[in-house]
Amino acid sequence: MTALLVLAVLATLLGGTVLAALMDRAALPLAALLTRQRVETEAPDRMNRDLSSAWYLALAAIGLSVVPFAPGLALIDSPVGIVIWGSCEALVVVTVFLHGWSPNAPFPLIGAYRYAAIGLPIMLPSMFVLIAAALPAESLSLIDIVESQREIWNVLRQPLGLPLFLVVALAMTLRGPMDYADAADIATGTSAEESGAARALWQVARLAMLVSISAIAATVFLGGPLGPVLPGPVWLWLKTAALMALTVWIGNRVARTTPDRMLTILWVVLLPLSFLGLIIAGVMAL
Amino acid sequence: MTLTIVLLAAAALIGIGLYGALSQQSFVMLMMGLELMLNGALLAVVGFWSQSLGGMPEGQLMAIIVMAVMAVEMAIGFALIVAVYRKRQADMTESIGTLKQ
Amino acid sequence: MIALLALFAVWTGWRVFRVDSMVRASFALMLSFVSVGAIGVLLSAPYIGVATVFMMAVEMMVMAIFMVMFMMNPAGLNPMVMVHQHRLSIAAGVLAFVGLSAAILLSPLPSDPVPEGSDVVAQLGHELLGPSMLVFETAGVTLLATMVGAVILSSRQGWFGAADHGSRPPDLTAGGDPAGRQPGDGGGHGHHHHGGH
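Residues numbered from 1 in each chain as written. Chains lettered and ligands numbered in written order. Predicted model: local features only at pLDDT ≥ 70, side-chain atom pairs only at ≥ 80, totals over all residues. Heavy atoms only, no water.

*Asks:* Give me the interface of chain C and chain B: which residues, what numbers.
*Replies:* Listed per partner, the contact involves 84 residues of chain C and 74 residues of chain B. In total, chain C and chain B occlude about 7,000 Å² of area from one another, counting both sides; carbon and sulfur atoms represent 76% of this. The tally of links from chain C across to chain B stands at 0 salt bridges. In this assembly, chain C and chain B are joined by 4 residue pairs in polar contact (both at pLDDT 80 or more). Elements with a minimum of two residues in the side of chain C that touches chain B: helix H1 (2–15), helix H2 (22–42), helix H3 (46–70), helix H4 (86–106), helix H5 (120–128) and helix H6 (133–154) of chain C. Of the residues contributing to the side of chain C that touches chain B, the split by class is 54 nonpolar, 22 polar and 8 charged. (Contact = heavy atoms within 4.5 Å. Buried area = accessible area lost by both parts, 1.4 Å probe. Salt bridge = Lys/Arg side-chain N within 4 Å of Asp/Glu carboxyl O. Polar contact = N/O pair within 3.5 Å; in protein donor to acceptor, adjacent residues only side chain to side chain. Helix = DSSP H or I, 4+ residues; strand = E, 2+ residues; numbered from the N terminus. Nonpolar A, V, L, I, M, F, W, Y, C, P; charged D, E, K, R; others polar.)

Written out as structure tokens, the structure is:
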């Protein structure tokens, strides 16, 4: 069973990444990158430069492995699944920061610090909406959260949850309005000094994280593997793919604002909104 | 046996943290020493709870308190660093030999 | 496994004060916390362990942001040794370790592990919002006070004028010229050298 689940996680990650690359037309020239020469910067931190993409990918894999593929069946069947995902999110911020810091060059460093400043406040709404989703389930386990959605999905029960979590998804995958790390206005930021296979791997890791966070969102807000007729994993894949498409679409549609204005939006609008959602969910769960 | 290993590691972390807190000149590094000592304390609490309290929930509560202490230490510590920097433009312990204006 | 993680936690803890840059130092500290969290998970405290990882990843990121504010070398890839009272500190650290180890090795440690299959996370929740509610709420109020205190301490505007009013950098040498930005400069000019005095 465990082997099958490992296979399911890996297959989902791989298939999802390919699908994400197809949805995200900007990611298509990935293959062309492979033939390019590597760029060297002065006195880089070699370990983090070479490994940050791998860590990003590993975090996507860990995040996906707490997702139940059928009711009651997840690779990491932990009573605190949602906190494990929260740790993955926090470590993504660290990884993106290290990715920008390690080349020892100006644009990547600007991207890294900008992203750290945006990524930290986004943790709070993220955790609030996830805890709000855990309240009706009376458990931090994603399996129980899926079970609690048998009658009504969380997206209807807590209408604030999914939109806020999509903002988190945009930030975690460095996409569109929340892309303060790799944006074009600072010459692709943390990836500015990267070329060739290393850059392609970083893009792949971003796409894999899109799969992972969409699967989490599908589990927490759309009932995950629950659904009629079709088997559990298929429902999960369909919902994940739909959320991936939605995230990519929003990322392409919404403009990015300046970091300071985004900070104000995060602290003054999104954080109180998520807190409101938590209070309402708490009162309803009483 | 497990408990001994865990507690020895906790003791080592506290020792290293104490060394850091006493020896570092930069405020940020000094705070890392304090954090490391709290890390040792957390490890010891978790070890004791897991191996010798028979699963008493108060042990976990203790660990939560240690984490709250970490958060308080961190927030007030950095706020103090900001306050001192505004007044003295200093980020090293040697620069604040006096508390006078 | 636990022994390996414990060794790793101690080694990364040691690296914190041995690496060249503060970024490396803070992420070495984060690794130390992560391995302590992993030990927690192995010692059947899943919530405490995972929450430690979560909290410390965020906290070390905050450290990194503060470093760019206060370090002379924000990228932090240049060599760095900044220590004082070095021998005393080593002695204190070794003494603390030896004393604590002696206490650990010489005292009989009770053995009463967590029962198999007990739902520790739910137990913790019931404890927090049950018998120990007062402790938990006190911690909550303390954290609120911390937030207020931190905002007040770090705020620039104050009751008696701006916090950096008349701020003068410390002297480079005893009684010598002040380092860095001068009060009248207004700042923002980056490195302003005051040679030729």
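*Asks:* Tell me about the packing of helix H4 (residues 81–101) of chain A against helix H5 (residues 106–137) of chain A, residues and numbers included.
*Replies:* All names here are of chain A. Look at H4 against H5: their axes get within 7 Å of each other, and the N-to-C directions meet at 170°. The orientation of H4 relative to H5 falls into the category roughly antiparallel. In contact with Ile82, Trp85, Gly86, Glu89, Ala90, Val92, Val93, Val96, Phe97, Gly100 and Trp101 of H4, H5 contributes Pro108, Leu109, Ala112, Tyr113, Tyr115, Ala116, Gly119, Met123, Ser126, Met127 and Leu130. Each residue belonging to the contact of H4 with H5 can be placed in one class, and the counts come to 17 nonpolar, 4 polar and 1 charged. (Axes fitted to C-alpha atoms, helices over the stretch in contact; angles between N-to-C directions. Parallel < 35°, antiparallel > 145°, perpendicular 65-115°, else oblique.)

*Asks:* Could you give an account of the environment of A:Asp260, with specific residues and numbers?
*Replies:* Residues and elements named next belong to chain A. Mapping aspartate 260 onto the fold places it in helix H11 (residues 259–285). A relative accessible area of 53% means that aspartate 260 is categorised as exposed. Once the C-alpha coordinates of aspartate 260 and alanine 117 are considered, the two residues, 143 residues apart in sequence, prove to be 9.4 Å apart. (Buried < 20%, exposed > 50% of the residue type's maximum accessible area, 1.4 Å probe, protein only.)

*Asks:* So what's going on with the UniProt feature "transmembrane region" (unreviewed entry) in chain B? Residues and values would help.
*Replies:* Residue and element names in this part refer to chain B. Summarizing the sequence annotation, UniProt attributes the feature "transmembrane region" (unreviewed entry) to residues 6–22, 29–49 and 61–85 in the numbering used throughout. For residues 29–49, the helix share is 100%, the strand share is 0%, and the end-to-end C-alpha distance is 30 Å. For the annotated span residues 61–85, helix accounts for 100% and strand for 0% of the residues, and the straight-line distance between the end C-alpha atoms is 36 Å. (UniProt positions renumbered as here; feature names shortened; annotations may be inferred.)

*Asks:* Residues and numbers for the interface of chain C and chain A, please.
*Replies:* Each partner contributes to the interface: chain C provides 23 residues, whereas chain A provides 24 residues. Carbon and sulfur atoms supply 86% of the area that chain C and chain A bury against each other, a total of about 2,000 Å² over both sides. Inspection of the region where chain C meets chain A yields 0 salt bridges. One can count 1 residue pair in polar contact (both at pLDDT 80 or more) joining chain C with chain A.

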